[in-house]
Amino acid sequence: IRPCIILADEMGLGKTVQAVVAISSLFSAKAIRRVLILAPTSLIYNWRSELHTWAPGLPVVLYQGSDRYGLLYGGARILIGTYETVASDLRKTSSGGQSFVDIGIDLLVLDEAQLIKDPNSVRSRIISKILSGRRWALTGTPLENRPSELASILRFLHYNEFSEPKDIKNHSKILYHRD
């Protein structure tokens, strides 16, 4: 079972800082070597700033620009990218023939995870293919309209447990799920 976390509360209460401190702790314990953080475009610079503030010894690279694949295979410890850029690149392969999915991510963090709430969206399906040892989902709007909107996020975190749409209807499975 892969360690997964969903951190959901009101906007502005410090989910990013909590995640950064936890990431730093995992690096210190040598439990992870590589992190990919996906966030909306408006938040990638905030992530970089918080990482520099709360985990100053960790090298952070923004996954952007025309030579993004060079960043993937350059050994960056923390990559921060947008959903759109990563989803677009996941549809392609690098010049070396490897897929972005194959680079070896130990921790995949989705900020504003409600952006994958539609399980049938291309973004949700593609992002879920990224191989990672751990997965975290952060959201300030976990229940925008109805509990079923958590289905895609839970599927991202625990595919085997929430692989069918009917699984989300069993609210006790959501509320009392433990690894």
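Note that the structure is predicted; figures quoted are calculated from it, not measured.

Calculation notes
- Residues numbered from 1 in each chain as written.
- Predicted model: local features only at pLDDT ≥ 70, side-chain atom pairs only at ≥ 80, totals over all residues.
- Heavy atoms only, no water.
- Helix = DSSP H or I, 4+ residues; strand = E, 2+ residues; numbered from the N terminus.
- Buried < 20%, exposed > 50% of the residue type's maximum accessible area, 1.4 Å probe, protein only.
- Contact = heavy atoms within 4.5 Å.
- Areas by Shrake-Rupley, 256 points an atom, 1.4 Å probe, with all protein chains shown as cover.
- Pairing = 2+ DSSP bridges.
- pLDDT = per-residue confidence, 0-100.
- Core = buried A, V, L, I, M, F, W, Y, C linked by side-chain atoms within 4.5 Å.
- Expected span 1.5 Å × (residues − 1).
- Arc of directions from axis to C-beta.
- Salt bridge = Lys/Arg side-chain N within 4 Å of Asp/Glu carboxyl O.

Draft legend 1. Spotlight on the overall build of the protein. Helix and strand counts for the protein come out as seven helices and six strands. Traced from its N-terminal end to its C-terminal end, the protein shows the element sequence β-α-β-α-β-α-β-α-β-α-β-α-α. Per-residue burial for the protein yields a buried fraction of 45% across its 179 residues. Of the contacts formed within the protein by residues at least 6 apart in sequence, a portion of 70% connects residues at least 24 apart. Put simply, the protein shows about 9,200 Å² of open surface, and 53% of that area lies on carbon and sulfur atoms.

Draft legend 2. Layout of the pairing of strand β2 (residues 35-39). Of all five residues making up β2, five are buried, and the element is well covered by its neighbours. Taking every second residue as pointing to the same face, both faces of β2 are buried, with Val35, Ile37 and Ala39 on one and Leu36 and Leu38 on the other. Relative to strand β4 (residues 78-82), β2 runs parallel, the two being bridged by five bridges. Along β4, the bridge assignment pairs Val35 with Ile78.

Draft legend 3. View of the confidence of the model for the protein. With 69% of its residues at a pLDDT of 70 or more, the protein shows a mean pLDDT of 79. The lowest-confidence element of the protein is helix α7 (residues 171-175), averaging 48 in pLDDT; the highest-confidence one is helix α2 (residues 44-54), averaging 96. Below a pLDDT of 50 lies the segment residues 175-179, which in the model reaches eight contacts outside its immediate sequence neighbourhood of four places, other chains included.

Draft legend 4. Quick peek at the pairing of β4. Taken across its five residues, β4 has five buried, putting it largely inside the fold. What you see with β4 is no split at all: Ile78, Ile80 and Thr82 on one side and Leu79 and Gly81 on the other are buried throughout. Inspection of the sheet shows strand β3 (residues 60-62) paired to β4 by three bridges, in the parallel sense. Looking at β4, one finds that Leu62 is bridged to Ile80.

Draft legend 5. Just the nonpolar core, in detail. Ranked by internal contacts, the top residues of the largest apolar core, which has 23 residues, are Leu38, Leu108, Leu110, Ile127 and Ile130. Listed by contribution, the elements that provide at least two residues to this core are β2, α4 (83-90), β5 (105-111), α5 (122-127) and α6 (151-157). In this structure, Ile127 is in contact with Leu38, Tyr83, Val86, Ala87, Leu90, Leu108, Leu110 and Phe156, ignoring residues within four places of it in sequence. Counting residues in each nonpolar core, the second largest holds 22 residues, with Ala19, Val20, Ile78 and Leu138 among its members.

Draft legend 6. Quick peek at helix α1 (residues 15-28). Its 14 residues place the ends of α1 20 Å apart at the C-alpha level, agreeing with the 20 Å of an ideal helix rising 1.5 Å per residue. Residues of α1 that are buried include every one of Lys15, Thr16, Ala19, Val20, Ile23, Ser24, Leu26 and Phe27, and no others. Here the buried residues of α1 occupy an arc of 165° about the axis, which is enough to place them on one side. Where α1 ends, the next residue or the one after it, Lys30, has phi of about 60°, a positive value.

Draft legend 7. Summary view of α4. Those residues of α4 not exposed but buried are Tyr83, Val86, Ala87, Asp89 and Leu90. The buried residues of α4 occupy an angular sector of 165° when the element is viewed end-on, so they sit on one face.

Draft legend 8. Spotlight on the pattern of salt bridges. One pass over the structure, following the stated rule, counts two salt bridges. A salt bridge links Arg33 to Asp106; the nearest nitrogen and oxygen atoms lie 3.4 Å apart. Taken as a pair, Arg33 in the loop between α1 and β2 and Asp106 in strand β5 lie far apart in primary sequence, 73 residues in all. The exposure class assigned to Asp106 is buried, which follows from its relative accessible area of 16%. Notably, a salt bridge pairs Glu84 with Arg123, separated by 3.2 Å at the nearest N-O pair. Of this pair, Glu84 sits in helix α4 while Arg123 sits in helix α5, and the two are 39 residues apart along the sequence. Take Arg123: its relative accessible area is 25%, and that puts it in the partly exposed class.

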